Amino acid sequence: MTIGLIDVDGHNWPNLALMKLSAWHKAQGDAVEWWWGFGEYDRVYMSKVFDETYSPDIPEPLNAREIIKGGTGYGLDNHLPDEVEHIYPDYSMYPELTRETAYGFLTRGCPRGCSFCIVARKEGRAARKVADLSEWWRGQKEIKLLDPNLLACREHMDLLGQLADSGAWVDFTQGLDCRLLTAENIGAIGAVRLKEIHFAWDYMAESDAVLRGLRRYVEHGKKNRHGKFGSVYVLTNYDTTMEENLYRIYTLRDMGFDPYVMIYDKPNAPREIRLLQRWCNNRLVFRAEPDFYKFDPKRG
Ligand code: SF4
């Protein structure tokens, strides 16, 4: 068979499902390539992670006998078959983005069910182990971990141990759940070679639990190479006021974290929220001007 792949999002991030489909088809002896208009295909996979707000759909190709669409951008009920899900990804499909870097999940699902997030609906309302690190890592210098809520998984201490034993630089790309931090798991995180670590403070109603966890991290955790304890995602434009946004940003900064503004429904967000993101997420600007209301966007 000749297989064509289309990464509909086309963002600066490798599509894990397409890399696994490529690996599986190559293992069956099929020819796999990025789809192009002058090819002839037995099957074309179109994969789309983001919804229409961030990633508009594209027309279906005409030069394919069969088209299979998948990814959260096309709905929450499509999943790869087990034999594809657990194959070592074909990183050669994205040679630049995967140079010395492995991507994958050790756990899926999350018990929280935050109303703005699709994880619990798509992957289930519990964090469960889905792989050992060796399933998708073979000695690359860097690991990009995509788990939505690693600390909520019962086996998280073992999985943190696997990450530490790898000796690779680990980027926890999603927010670790700071409400689940303990002195013990902070110690296990500290044994990992940390490239980036992120937490999240999304709801004001969760402030006490979030702050308790972050204080625990300050007490037992290590600072990163920028002299901070890590980044904390601050969700805006969802159910918080500007005053509450600034309260979270200033509190995190004073505790030694880097606040990082995330905007819900960004294309329709008010200008003030976009300016807040521009000010806060640019570290040079943020350090040079500590007061948002004195931030001059023409200069910053
Ligand atoms: S804790 Fe994170 S992964 Fe879990 S539902 Fe909330 S936003 Fe999603």
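Just above, that's the structure.
Let us look at the structure shown here.

Conventions used here
Think of each chain on its own: its residues are numbered from 1, step by step along the sequence as written. The model is predicted, so local features are restricted to residues of pLDDT at least 70 and side-chain atom pairs to those at 80 or more, both for listing and for counting; the totals for chains, interfaces and linings are taken over all residues. Only hydrogens and water are removed before side-chain values are computed, so all heavy atoms of the structure are retained for them. Secondary structure elements follow DSSP: runs of H or I of four or more residues count as helices, runs of E of two or more count as strands, with numbering from the N terminus. The cut-offs for exposure are 20% and 50% of the maximum accessible area for each residue type, with area from a 1.4 Å probe on protein chains only; residues under the lower value are buried, those over the upper are exposed, and the others partly exposed. Polar contact criterion, stated in full: a pair of N or O atoms within 3.5 Å, where within protein one must be able to donate a hydrogen and the other to accept it, and residues adjacent in sequence count only if both atoms are side-chain atoms. Working note: the arc is built from the helix axis to C-beta atom directions. Note on contacts: a residue pair qualifies if any of its non-hydrogen atoms lie within 4.5 Å across the two residues. Throughout, the term near means that a residue has one or more heavy atoms lying within 4 Å of the molecule or strand in question. Residue type decides the class: Asp, Glu, Lys and Arg count as charged, Ala, Val, Leu, Ile, Met, Phe, Trp, Tyr, Cys and Pro as nonpolar, and the leftover types, Gly among them, as polar. In this tally, Lys and Arg are treated as positive and Asp and Glu as negative; His is ignored, and so are the chain termini. A pairing counts as a salt bridge when a side-chain nitrogen of Lys or Arg comes within 4 Å of a carboxyl oxygen of Asp or Glu. Only residues whose relative accessible area exceeds 30% and that form no salt bridge enter a patch; like-charged residues are grouped when within 9 Å of one another, and nonpolar side chains (Val, Leu, Ile, Met, Phe, Trp, Tyr) when within 5 Å. Using a 1.4 Å probe, accessible areas were evaluated by the Shrake-Rupley method; residue-level cover was limited to the displayed protein chains. Paired strands, in this sense, are two strands between which DSSP finds at least two bridges. The path from the first strand over the helix to the second decides the hand: if it runs clockwise while the strands point away from the viewer, the crossover is right-handed. Residue types Ala, Val, Leu, Ile, Met, Phe, Trp, Tyr and Cys, when buried and joined through side-chain atoms within 4.5 Å, form a set referred to as a nonpolar core. Axis definition: a line fit to C-alpha positions, over the contact stretch in the case of helices; interaxial angles, taken between N-to-C directions, run 0 to 180 degrees.

This part takes up the environment of Trp35. Among the secondary structure elements, Trp35 is positioned in the loop between strand S2 (31-34) and strand S3 (41-47). Judged by relative accessible area, which is 31%, Trp35 ranks as partly exposed. Sequence-wise, Trp35 and Asp177 are 142 residues apart; in three dimensions their C-alpha atoms are separated by 39 Å. In this structure the side chain of Trp35 is engaged in a polar contact, spanning 2.7 Å, whose partner is the side chain of Asn63.

By the burial criterion, the buried members of helix H5 (residues 183-190) are Asn185, Ile186, Ala188 and Ile189. For H5, the buried positions fall inside an angular range of 160° around the axis, keeping them on one side. Along its buried surface, H5 packs onto helix H4 (156-166), strand S10 (194-196) and helix H6 (207-220).

Around the ligand, a shell composed of Cys110, Arg112, Gly113, Cys114, Phe116, Cys117, Pro148 and Arg179 is seen. Residue classes in the shell around the ligand are distributed as 5 nonpolar, 1 polar and 2 charged.

Now for the side chain of Arg248. By the secondary structure assignment, Arg248 is in helix H7 (residues 242-255). Buried and unpaired, Arg248 has no salt bridge, with Asp202 as the nearest side chain of opposite charge at 5.7 Å. There is a polar contact of 2.8 Å between the side chain of Arg248 and the backbone oxygen of Leu235. Other than its neighbours up to four places away in sequence, Arg248 contacts Trp201, Asp202, Met204, Val234, Leu235, Thr236 and Thr240.

On the surface, Val49, Phe50 and Tyr54 cluster together to form a nonpolar patch covering roughly 260 Å² of accessible area. With respect to the helices and strands, Phe50 occurs in the loop between S3 and strand S4 (64-70).

What follows concerns the pattern of salt bridges. For the structure on display, the rule yields 20 salt bridges. Residue Asp177 pairs with Arg112 through a salt bridge whose shortest N-O separation is 2.8 Å. You can see Asp177 sitting in the loop between strand S9 (169-172) and H5 and its partner Arg112 sitting in the loop between strand S6 (107-108) and helix H3 (119-123), a full 65 residues away along the chain. Among the residues examined, Asp177 registers a relative accessible area of 6% and is labelled buried. For Asp132, the salt bridge identified is with Lys129, shortest N-O distance 2.7 Å. The network of salt bridges with shared partners includes Lys20, Glu85, Arg108 and Glu123.

Attention now goes to the pairing of strand S13 (residues 258-263). Here strand S12 (residues 231-236) runs beside S13; their pairing, made up of 6 bridges, is parallel. Among the inter-strand pairings, Tyr233 is bridged to a residue of S13, identified as Tyr260. Between S12 and its parallel partner S13, the chain crosses via H7, and the hand of that crossover is right-handed.

Trp136, Leu163, Phe172, Phe199 and Trp279 are the most contacted members of the largest nonpolar core, which totals 69 residues. Residues Ile6, Val8, Val44 and Ala64 belong to the second largest nonpolar core, which totals 6 residues.

Right, let's talk about the sheet that holds strand S5 (residues 101-104) for a bit. Sheet strands associate in pairs through backbone hydrogen bonding, adopting either a parallel or an antiparallel arrangement. As summarised here, the arrangement of the 4 strands in space is S5-S8-S9-S10, forming an open sheet in which the pairing is parallel. Taken across any chain shown, the strands that pair with only one partner, and hence form the sheet edges, are S5 and S10. Strand after strand, the sheet turns through a mean of 25° between neighbouring axes, direction not considered. Pairing of strand S8 (residues 142-145) with S9, which is carried by 4 bridges, proceeds in the parallel orientation. Note that in S9 the partner of Glu142 across the bridge is Trp169.

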